[in-house]
Amino acid sequence: MLKNFGVYPKNWGIKQKIDRNIDHRRVPNLMTYFARRKLSVSSEINAAPRFLPGDIVAWNLGKGQQHIGFVSEKKGVTGTPLVIHNIGQGALEEDILKEYKIIGHYRFPSMVASVENAK
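Below or above, wherever it landed, is the structure these notes cover. (Residues numbered from 1 in each chain as written. Predicted model: local features only at pLDDT ≥ 70, side-chain atom pairs only at ≥ 80, totals over all residues. Heavy atoms only, no water.)

**Re the overall build of the protein**
On a plain count of helices and strands, the protein comes out with two helices and five strands. Secondary structure elements of the protein, listed N to C terminal, follow the sequence α-β-β-β-β-β-α. Taken across its 119 residues, the protein has 34% of its residues classed as buried. Here the contacts in the protein between residues at least 6 apart in sequence split such that 45% fall between residues at least 24 apart. Carbon and sulfur atoms provide 52% of the accessible area of the protein, an area that totals close to 7800 Å². (Helix = DSSP H or I, 4+ residues; strand = E, 2+ residues; numbered from the N terminus. Buried < 20%, exposed > 50% of the residue type's maximum accessible area, 1.4 Å probe, protein only. Contact = heavy atoms within 4.5 Å. Areas by Shrake-Rupley, 256 points an atom, 1.4 Å probe, with all protein chains shown as cover.)

Here it is in structure tokens:
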């Protein structure tokens, strides 16, 4: 982020310096990083490629709040993958994939290989 500061969002009034305490956790910054690394995949809930364990998903919670989590290998009662996330209550594994508007879906290539090898 420091080397490419100009391409990251300035949502927090930051002008010329990163905040090492928080910038690596801000969802818009993470989304920018993942997109710059070409890790984006379809965000459509029923589209291919489907959501795989280890995928990263970002949501718009409304009122300017965004959230991020990891797709679990476990599924909920409807067959939807669970999500591992932390929204102030510690890490939870919940059936929230479809709860909010998905604004980002990312996958590291090494995760695809790991999932395929586990089958």
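**Considerations on the environment of asparagine 86**
Mapped onto the secondary structure, asparagine 86 falls in strand β3 (residues 81-86). Looking at asparagine 86, the relative accessible area reads 48%, which means it is partly exposed. Along the backbone, asparagine 86 and glycine 69 are 17 residues apart, and their C-alpha atoms lie at a distance of 7.5 Å. If sequence neighbours within four positions are ignored, asparagine 86 has contacts with His67 and Ala91. Of the polar contacts made by the side chain of asparagine 86, one reaches the backbone nitrogen of glycine 88; its length is 2.9 Å. A distance of 3.4 Å separates the side chain of asparagine 86 from the backbone nitrogen of glycine 90, its partner in a polar contact. (Polar contact = N/O pair within 3.5 Å; in protein donor to acceptor, adjacent residues only side chain to side chain.)

**Considering the sheet that holds strand β4 (residues 91-94)**
With antiparallel pairing, the five strands of this open sheet are ordered in space as β4-β3-β2-β1-β5. The two strands at the open ends of the sheet, each matched to only one other strand, are β4 and β5 (101-106). The average undirected angle you get between the axes of adjacent strands in this sheet is 30°. Bridging between β3 and β4 involves four bridges; their strand directions are antiparallel. (Pairing = 2+ DSSP bridges. Axes fitted to C-alpha atoms, helices over the stretch in contact; angles between N-to-C directions.)

**Observations regarding unusual backbone geometry**
Of note in the backbone geometry, lysine 38 takes a positive phi value of approximately 60° without being a glycine. Structurally, the position occupied by lysine 38 is in the loop between α1 (27-36) and β1 (56-62). A positive phi angle, near 55°, is found at lysine 63, a position not held by glycine. Here lysine 63 is to be found in the loop between β1 and β2 (65-75).

**Details of the pattern of salt bridges**
Tallied over the entire structure, the rule returns two salt bridges. Lysine 74 serves as the salt-bridge partner of glutamate 93, at 3.5 Å between the closest nitrogen and oxygen. Taken together, the residues span a long stretch of sequence, with glutamate 93 in strand β4 and lysine 74 in strand β2 at a distance of 19 residues. For glutamate 93, a relative accessible area of 34% gives the class partly exposed. Given the relative accessible area of 44%, lysine 74 is considered partly exposed. (Salt bridge = Lys/Arg side-chain N within 4 Å of Asp/Glu carboxyl O.)

The analysis is restricted to geometry; functional conclusions fall outside its scope.
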